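# Reading the structure
For reference, the chains in residue letters:
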Amino acid sequence: MRHALRWTIILGLVVAVAAARAENWPSRLIKATIPFGAGSAADVVPRVVFDRLSAELGQAIVVENRPGAGGTLGTALVAKAEPDGYNILAQSSAFAISPAIYPKLTFDVTKDFASVLMIGVSANVMIVPVTRPWKTLQDFIADAKAKPGSIAFGSVGVGSATHISAEKFRLAAGIETTHVPYRGGAEVIADILGGRIDFYFCPLATALPLIREGRVRALVVSTEKRAADLPDLPTPAEAGLKNAESVFWLGVFMPSKTPRDVVEKFHAAGAKLLAEPSMQESLTRLGIEPKPMTPREMDAFVAHETAENLEVVRAAGIKP
């Protein structure tokens, strides 16, 4: 009886301490890990948000880049970090792709992390060299079917969002193409402009100036609805393709055992910031469209994306 009472008291104290910590959060600086290199969209966009969010929370958010292995190295560090609300992860679509590409991950995307804040989404745009004869997506598909395997596309790496977008399109269109992975987007663009590869599912913000300057031709946007900046560009569904849609997204996560009150407080501050017109304007300039979600809705979204990406990887025959 005394033993049970002792453990009840201890448990009560632990709960009380955790509640007190959550109530006082944040009381010191927050460390944000970005598992990608500096200068990428997955780095620039979260930095813009964290810079403004620091003022909202009343504490500095210190950003550290820990790139490597498609974002999995930095992600693994946060998975093992103290779940106290002072260790956060800024991730992208790669988060929900990594389980299908890296079979020996030391973390579980859906079990080891709590979704906190969806920053927003962006379309990829299929661009082709202006020297190619294709004026419409139908022209392109017809040519690809007539010459299986002769058309090559670029991506920023095996399992990247640009790779998965192209594979979903390829499977929906029923065509055979050749994948050419690159180290970064600048290299892919250079080869598109030089006519050395045939197409690239390029992030919207990067594609827009190239399209407007007439340096590349756009054939389709990757999302369910048309892009506001490219209102004449069809969606996959409008072009007659089923299940070809994809989005590039960015979000914030914490270790799964982080107190729920802390998760909700961070989310509330972030959601308030993302609703501000000035913040939305900043994101729009970066090609990001706000997509409000609760943490629970974001958990479900990530789980769905993870399962869908696994199917695409298997169907496309992408090797881990």
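Now for a description of the structure that goes with this document. (Residues numbered from 1 in each chain as written. Predicted model: local features only at pLDDT ≥ 70, side-chain atom pairs only at ≥ 80, totals over all residues. Heavy atoms only, no water.)

## Brief notes about the pairing of strand S8 (residues 199-203)
Note the cut-off: Between buried and exposed lies partly exposed: a residue is buried under 20% and exposed over 50% of the maximum accessible area for its type, with that area taken using a 1.4 Å probe on protein chains only. For the purposes of this entry, the term helix denotes a DSSP run of H or I that reaches at least four residues, the term strand denotes a run of E that reaches at least two, and both are numbered from the N terminus. A pair of strands counts as paired when DSSP detects no fewer than two bridges linking them.
S8 sits mainly inside the fold: four of its five residues count as buried. Strand direction decides the pairing type here: strand S5 (residues 124-129) and S8, joined by four bridges, are antiparallel. Paired with Val125 across the strands is Cys202, a residue of S8. Note: strand S6 (residues 152-155) against S8, two bridges, orientation parallel. Within S8, the position partnered with Gly154 by the bridge is Tyr200.

## Examining the sheet that holds strand S1 (residues 30-34)
In plain terms, the rule: Axis lines are fitted to C-alpha atoms, over the contacting stretch for helices. Their N-to-C directions set the angle, which ranges from 0 to 180 degrees. In this description, contact between two residues means that some pair of their heavy atoms is separated by no more than 4.5 Å.
The strand order S2-S1-S3-S10-S4 describes an open sheet built from five strands, whose pairing is mixed. Each of the sheet's edge strands pairs with one partner strand only, and the pair in question is strand S2 (61-65) and strand S4 (113-122). Within the sheet, the average angular offset between the axes of one strand and its neighbour, ignoring direction, is 25 degrees. The pairing of S1 with strand S3 (residues 87-92) spans three bridges and is parallel. Bridge pairing in S3 links Lys31 to Asn87. Running at roughly 75 degrees to S4, helix H11 (residues 295-316) makes contact with S4 and strand S10 (248-255) of the sheet.

## Details of the sheet that holds S5
One open sheet accounts for five strands, arranged S7-S6-S8-S5-S9; its pairing is mixed. With partners counted over all chains shown, the strands left at the sheet margins are strand S7 (178-181) and strand S9 (216-221), one partner each. Within this sheet the neighbouring strands show an average axis-to-axis angle of 35 degrees, counted without direction. Here S6 pairs with S7 via four bridges, running parallel. Pairing of Ser155 across the sheet is with Pro181, part of S7. Across the sheet, helix H6 (residues 161-173) touches S5, S6, S7 and S8, and the angle it forms with S8 is around 130 degrees. This element, helix H8 (residues 204-212), spans S5, S8 and S9 of the sheet and lies at about 115 degrees to S8.

## Describing helix H9 (residues 260-274)
How we decide: Here, expected helix span is obtained from the residue count minus one, scaled by 1.5 Å. The arc in question is traced by the directions running from the helix axis to the C-beta atoms.
Counted at 1.5 Å a residue, the expected span for H9 with its 15 residues is 21 Å, and the 21 Å between its end C-alpha atoms agrees. For H9, every residue scored as buried is listed here: Val262, Val263, Phe266, His267, Ala269, Gly270, Leu273 and Leu274. Looking down the long axis of H9, one finds its buried residues gathered within 165 degrees of arc, a one-sided arrangement.

## Section: unusual backbone geometry
In the segment running from Trp25 into Pro26, the intervening peptide bond is cis, with an omega of -5 degrees. Along the chain, Pro26 falls in the loop between helix H1 (2-24) and S1. The backbone phi angle of Ala69 is positive, close to 50 degrees, even though this residue is not glycine. Within the chain, Asn243 stands out as a residue other than glycine whose phi angle is a positive 60 degrees. Here Asn243 lies in the loop between S9 and S10.

## A closer look at the pattern of salt bridges
Going by this rule: The rule for a salt bridge is simple: a side-chain nitrogen of Lys or Arg has to be within 4 Å of a carboxyl oxygen of Asp or Glu.
In total, this model carries 18 salt bridges according to the counting rule given. Taking the shortest distance from any N to any O, the salt bridge between Lys272 and Glu56 comes out at 3.3 Å. Pair noted here: Lys272 is in helix H9 and Glu56 is in helix H2 (residues 41-57), with a separation of 216 residues, a long-range link. Measuring nitrogen to oxygen at the nearest pair gives 3.7 Å for the salt bridge that ties Asp229 to Arg212. A residue pair is termed long-range when its members are at least 10 positions apart, and Asp229 in the loop between S9 and S10 and Arg212 in helix H8 qualify at 17 residues. Classification of Asp229 by relative accessible area gives partly exposed; the value is 35%.

## As for the environment of Pro35
Within the secondary structure, Pro35 is located in the loop between S1 and H2. Sequence separation between Pro35 and Leu73 is 38 residues, and the spatial gap between their C-alpha atoms is 6.8 Å. Ignoring anything within four residues of it in the chain, the contact list for Pro35 reads Arg66, Pro67, Gly68, Gly71, Gly74, Thr75, Leu89, Ala90 and Gln91.

## Examining the nonpolar core
Heads up, the rule is: Throughout this description, the term nonpolar core refers to a set of buried Ala, Val, Leu, Ile, Met, Phe, Trp, Tyr and Cys residues connected via side-chain atoms within 4.5 Å.
Ile88 and Phe266 are the most contacted members of the largest nonpolar core, which has 34 residues in total. Taken together, the elements giving at least two residues each to this core come down to S1, H2, S3, S4, S10, H9 and helix H10 (277-285). In this view, Ile88 contacts Ile30, Lys31, Ala32, Thr33, Phe50, Ile61, Val78, Val252, Phe253, Met254 and Phe266; residues no more than four positions away in its chain are not counted.

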